[in-house]
Amino acid sequence: MNTKLTLSLKKSVIEKAKKYAKESGTSLSAMVQSYLEKVTQVKEDSAGYSPKVRSLKGSFKLEEDINYKEELNNALEKKYLK
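In this text the structure is predicted, and so the values were computed from the model without any measurement.

Chemist: Residues and numbers for the overall build of the protein chain, please.
Modeler: When helices and strands are tallied, the protein chain shows four helices and zero strands. Order of helices (α) and strands (β) in the protein chain, N terminus to C terminus: α-α-α-α. Dimensions of the protein chain, computed from the C-alpha atoms along their principal axes, are close to 55 × 35 × 20 Å. Among the 82 residues that make up the protein chain, the fraction classed as buried is 2%. Carbon and sulfur atoms provide 55% of the accessible area of the protein chain, an area that totals close to 8,700 Å². Between the mean site of the 17 positive side-chain charges and the mean site of the 11 negative ones, the protein chain shows a separation of 16 Å.

Chemist: Could you give an account of the confidence of the model for the protein chain, with specific residues and numbers?
Modeler: Summary statistics for the protein chain give a mean pLDDT of 86 and a share of 91% for residues scoring 70 or more. The least confident element of the protein chain is helix H3 (residues 51-55), whose mean pLDDT is 80; the most confident is helix H1 (residues 11-24), at 95.

Rules used in this analysis
- Residues numbered from 1 in each chain as written.
- Predicted model: local features only at pLDDT ≥ 70, side-chain atom pairs only at ≥ 80, totals over all residues.
- Heavy atoms only, no water.
- Helix = DSSP H or I, 4+ residues; strand = E, 2+ residues; numbered from the N terminus.
- Buried < 20%, exposed > 50% of the residue type's maximum accessible area, 1.4 Å probe, protein only.
- Areas by Shrake-Rupley, 256 points an atom, 1.4 Å probe, with all protein chains shown as cover.
- Lys, Arg positive; Asp, Glu negative; His and termini not counted.
- Charge placed at Lys NZ, Arg CZ, Asp CG, Glu CD.
- pLDDT = per-residue confidence, 0-100.

Spelled out as structure tokens, the structure:
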């Protein structure tokens, strides 16, 4: 169910947003809805990862017996203790 919402914004912001929406092939209402959904989305994890990092979750699989802390330590030693 859609409900109307009245917003008061600077005219220049509205004009730019309408132009952007048109160029993106969407509506201003869809843009606002998408933004509001994104900022009010409940974070699934409490670790405080950024959305970009969270988007990488599950993008690759590690071997079962790998010790990621040891691997990270080795990589950092290699990088900084050359």
